[in-house]
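# Summary of structural features
The residues making up each chain are set out below.
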Amino acid sequence: MDGFDLVIRGGYFFDGTGAQPAIRDVGVRAGRVAAISAEPLATEGAVVVDAADQWVMPGLIDVHTHYDAEVLVAPGLSESVRHGVTTVVFGNCSLSTVYSSPDDCADLFSRVEALPWDAVHTAVKERQTWTDPHGYVEAIESRPLGPNVAAFIGHSDIRAAVMGLERATDPDERPTPPELSRMCAMLTDALDAGFVGMSTVRSSFTKLDGVRYPARQLPSTYASWREYRALNRVLRDRWRVHQCTPNAARMAEISNFFAQSAGRGRAPLKTTMLAAADLKANPRLIWLMTRATALLNRVIASDLRWQHLPVPFEVYADDIDLVVFEEFGSGAAALNVRDAVKRGELVDSEAYRRQFRKDIEHKFGPKLWHRDLFDADIVSCPDAELIGKSFGHVAQERCIHPADAFLDLVVAHGADLRWRTTIANHRPGVLDKIADNPQIQMGFADSGAHLRNMAFYNAGLRLLRRVKESAEADHEFLSLERAVHRLTGELGDWYGLDAGTLLLGDRADIVVIDPAGLSEASADYAEANLAELGGISRMVNRNDHAVAATIVGGHVVYRYGRFTDGFGTTRRYGSFLRAGKASS
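Computed from a predicted structure; not experimentally measured.

The next thing to look at is the UniProt feature "domain: Amidohydrolase" (unreviewed entry) in the protein. Using the residue numbers shown here, the UniProt feature "domain: Amidohydrolase" (unreviewed entry) corresponds to residues 48-202. Along residues 48-202 one finds 42% helix and 18% strand; the C-alpha atoms at either end are 49 Å apart.

This is the structure we're talking about:
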């Protein structure tokens, strides 16, 4: 027998299936797991990773990213890889760059995902060599990928390409029968090329950017259920996945997704939705959501799962640039004004302030943000005396309404005013209780989007840290092997990807975690420049002592804060993982 290319020596080995871990050597040959041994493996000619006292497990899977533009210009996707992620899924929330023009892609992505319009436009325009999904896959695989990638085809992408962006965002327009047939054919082509499925969106938060149709919603939100049903038939026939962000203001509409997923007398449609969260604004919703989902999945044989961020949902904002303002009229009106000077004039007017105060004080109806300005802290401001105070406390000092204190500071400092709040997942006990809920998937990191608002690239590591610390404190809420399974094998299996387990013959996509490095630093604030995407300074995570090694396709690409030479520039390590089949 030939020797090994790589040997991981003496680690606490998890195979990603939920099985009990054990001390094992792992041998890798030609990018695949070739040996799992309780006895030491021969290392002659092999790269050796000493994993003594460390955890060896399948690379983490991030099923909800918006790397569609970044993968074109910075294909190493280093912020995921450095945190042990070896497979990412993009094309979520109806957005992809497969069929649409550069102008349309920039309009579709920029406002809803808080990305620079010019950067998205340039990324697509300068690299768009493809005209169909097969060509897109070839183009992505020609890039020096860091991790493996998989993709949804975006419904807004398809709809805009078929109907034109103007008609696709007109509430009075519907696709003609030939246009709907073409959409189904385009979806079929994407599935043939190996896409995971199709993503849609119903949320009213999702708005276009650009100068042509500003403030219109994304095309997918205007589709009828007749259109969805036609596309869902294609997905069901191929056992692929429908991903959606529902409209929080129309919760009853979610029953349509269950009806579409139902499997009585037919194959269920795999459906994954955003998002399961313990909202400050509605603390009972998480229990209603999970219990109703469990009941319906059992009674009508549906297969619907909610994506979940297993860490506190802390967000930051410059000025008023935060997606939660889209959920009420005055907030959306301010975001509709893209010019900073004109926006300042708007929010400084008394008529605007009256409406803003009313919206902030609104007590009833569905909402995602608690709108408590005492729970919104200033972290950066030209007036240094305000740093560390909430807008509510500033209001008390000035004897004004908290909404006026917020708007006064927005007008005075614009983007130099930076603040933060926690929207959800703030109760550790609740997070513990839902961590093993079968109706919930450990997804929704939103990696690659909202670059100035949040950073959850290391969400998987933070879950593992909680599991480790709970066991050490004798109040275990989830076994370590179950946590690994939830972050790896469970996701790979459900999405139909060749990822998430380390059995003989599996892809050698592996993370070696140093448990001694799983510290409070994982929750710290940090920023780093993303030169390739407009030079924006984005929020990131830094816990470089936690990941001893990230291995993609049998190659060690990262060790303790350092990437291998050629990573993301001249060498390709990852592959485009085609759903439903093994990938080389």
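Looking at the assigned domains, one finds that the protein contains domain 1 (1-92 + 451-517 + 525-566), domain 2 (94-238), domain 3 (242-273 + 275-312 + 425-443) and domain 4 (316-421). A separation of 39 Å is found between the C-alpha centroids of domain 1 and domain 4. Across the boundary between the two partners, domain 1 contributes five residues, which contact six residues of domain 4. Summed over both partners, the interface of domain 1 with domain 4 buries about 440 Å², with 34% contributed by carbon and sulfur atoms. Three residues, Arg-452, Asn-453 and Tyr-525, lead the burial of domain 1 against domain 4; their summed loss comes to 91% of the area buried on that side. Viewed at the interface, domain 4 and domain 1 are joined by two salt bridges. Taking the shortest distance from any N to any O, the salt bridge between Glu-527 and Arg-418 comes out at 4.0 Å. Between the two partners, domain 1 and domain 4, sit five residue pairs in polar contact (both at pLDDT 80 or more). Here the residues of the side of domain 1 that touches domain 4 are counted per class, giving two nonpolar, one polar and two charged.

A word on the pattern of salt bridges. In total, this model carries 41 salt bridges according to the counting rule given. Among the ionic pairs, Arg-9 bridges to Asp-25, the shortest N-O distance being 2.6 Å. One end of the pair, Arg-9, is in strand E1 (residues 6-13); the other, Asp-25, is in strand E2 (residues 22-29), and 16 residues separate them in sequence. Judged by relative accessible area, which is 5%, Asp-25 ranks as buried. Across the salt bridge formed by Asp-303 and Arg-305, the nearest N and O atoms sit 3.3 Å from each other. Within the structure, one salt-bridge network assembled from shared partners comprises Asp-348, Glu-350, Arg-353, Arg-357, Asp-404 and Asp-408.

Bringing empty space enclosed by the protein into the picture now. Across all of its chains, the model carries three cavities of 30 Å³ or more by this definition. Forming the boundary of the largest cavity are 17 residues, of which Ile-61, Asp-62, Met-442, Ala-459 and Gly-460 lie nearest the centre. Taken together, the elements giving at least two residues each to the lining of the largest cavity come down to strand E6 (60-62) and helix H18 (459-472). Two domains each donate at least three residues to the lining of the largest cavity, and these are domain 1 (1-92 + 451-517 + 525-566) and domain 3 (242-273 + 275-312 + 425-443).

Each value, and the rule that gives it
Residues numbered from 1 in each chain as written. Predicted model: local features only at pLDDT ≥ 70, side-chain atom pairs only at ≥ 80, totals over all residues. Heavy atoms only, no water. UniProt positions renumbered as here; feature names shortened; annotations may be inferred. Helix = DSSP H or I, 4+ residues; strand = E, 2+ residues; numbered from the N terminus. Domains from an automatic or database assignment. Contact = heavy atoms within 4.5 Å. Buried area = accessible area lost by both parts, 1.4 Å probe. Salt bridge = Lys/Arg side-chain N within 4 Å of Asp/Glu carboxyl O. Polar contact = N/O pair within 3.5 Å; in protein donor to acceptor, adjacent residues only side chain to side chain. Nonpolar A, V, L, I, M, F, W, Y, C, P; charged D, E, K, R; others polar. Buried < 20%, exposed > 50% of the residue type's maximum accessible area, 1.4 Å probe, protein only. 1 Å grid on protein atoms, 1.4 Å probe; cavity = no way out; pocket = protein on both sides within 12 Å on 5 of 7 lines; lining within 4 Å. Points joined across faces, edges and corners; volume = space filled by probe spheres on them.

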